[in-house]
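Letter by letter, the chains look like this.
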Amino acid sequence: MTVALYLIPAPLGGPAADVVPAGTATAVRLLRDFAVENAKSARAYLAALGMPCTMRELSIREIGADAAALLAPLREGRSLGVISEAGCPAVADPGADLVAAAHREGFRVVPLAGASAILLALMASGLEGQRFAFCGYLPREKRERAERIRSLERRSRAERETQIFIETPYRNDALLAALLESCDGGTRLCIAADVTLSTEEIVTRTISQWRGARAAVGRRPAVFLLQA
């Protein structure tokens, strides 16, 4: 295995076998050093992939403020795997600082294939897939959030660009309410909840249609996509 920083996508909540390609699983089984968002869930994921060694034989360190210190295995000639809590490392994830540090020191960075809720939601949305922007989390404060939503809607209309954002699950319904209050009736909104799970639900409607549906997302992992 070439010495590199390997970016390892994690399942979005379902069994690893459902979403992890064979090539990714094979590459992960060769690694012994990991930088992870959450040690407990990372160990469970690695066990599900059938690591050919015990967890005690692995070095698993959580990603913190000092990204450069985590690169020690690379400096010593060993590959390092990065695992997010769910989805792809460095995308809406603290792993981005670690990747940037690896590039600064000239180490090779290898992204492995796996599930991305953001891209899967875009694929299934029916919205513009040539031009899109991931906007992360919107402001929590009500007036600021409404202003941000209207700004994204204007940008989407001007650029014909899909705007993608996420929210902490317990605030999903507050975000949906803000979208229904702030957006024009003809703007399209896709809500992709529980992506890759058996309870997956991906629905695209106009804002007017969402208003009439009296819908709720609930406390499920969800991606919101908007196109004016």
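Anything mentioned here points back to the structure above.
Bear in mind that the values here come from a model prediction, so they are computed numbers and not experimental data.

Draft legend 1. Representation of the environment of Ala-115 within the structure. You can see Ala-115 is positioned in the loop between β5 (109-111) and α6 (117-125). You can call Ala-115 buried: its relative accessible area is 9%. Taking C-alpha positions, Ala-115 is 8.2 Å from Thr-196, a pair spaced 81 residues apart along the chain. Once residues lying within four places of it in the same chain are set aside, the contact partners of Ala-115 are Pro-9, Ala-10, Leu-12, Val-19, Gly-87, Cys-88, Leu-120 and Thr-196.

Draft legend 2. Spotlight on the packing of helix α7 (residues 142-159) against helix α8 (residues 172-182). Contact pair α7 / α8: the axes reach a minimum separation of 10 Å and the direction vectors enclose 60°. Taken as axis vectors, α7 and α8 run oblique relative to one another. Helix-helix and strand crossings are classified by hand; for α7 and α8 the assignment is right-handed. Mapping the contact onto sequence places Lys-142, Arg-145, Ala-146, Ile-149, Arg-150 and Glu-153 in α7 and Ala-174, Leu-175, Ala-178, Leu-179, Glu-181 and Ser-182 in α8. Residue composition of the contact of α7 with α8, grouped by class: six nonpolar, one polar and five charged.

Draft legend 3. Spatial organisation of helix α5 (residues 95-104). Restricting attention to buried positions, one finds in α5 the residues Gly-95, Leu-98, Val-99, Ala-101 and Ala-102. One side of α5 holds all its buried residues, which, seen down the axis, span an arc of 160°. Among the exposed residues of α5, those pointing more than 90 degrees away from its buried face are Asp-97, His-103 and Arg-104. Where α5 is buried, its residues touch β1 (5-8), β2 (33-36), β4 (80-83) and β5.

Draft legend 4. Examining the packing of aromatic side chains more closely. Within this structure, the stated rule accounts for one aromatic pair. Sitting above the plane of the Trp-210 ring, Arg-205 keeps its charged end 4.5 Å from the centroid.

Thresholds, definitions, all that
Residues numbered from 1 in each chain as written. Predicted model: local features only at pLDDT ≥ 70, side-chain atom pairs only at ≥ 80, totals over all residues. Heavy atoms only, no water. Helix = DSSP H or I, 4+ residues; strand = E, 2+ residues; numbered from the N terminus. Buried < 20%, exposed > 50% of the residue type's maximum accessible area, 1.4 Å probe, protein only. Contact = heavy atoms within 4.5 Å. Axes fitted to C-alpha atoms, helices over the stretch in contact; angles between N-to-C directions. Parallel < 35°, antiparallel > 145°, perpendicular 65-115°, else oblique. Left-handed = near helix turned anticlockwise from the far one by under 90°. Nonpolar A, V, L, I, M, F, W, Y, C, P; charged D, E, K, R; others polar. Arc of directions from axis to C-beta. Phe/Tyr/Trp six-rings, centres within 6.5 Å; stacked < 30°, edge-to-face > 60°. Lys NZ or Arg CZ within 6 Å of the ring centre and 35° of its normal.

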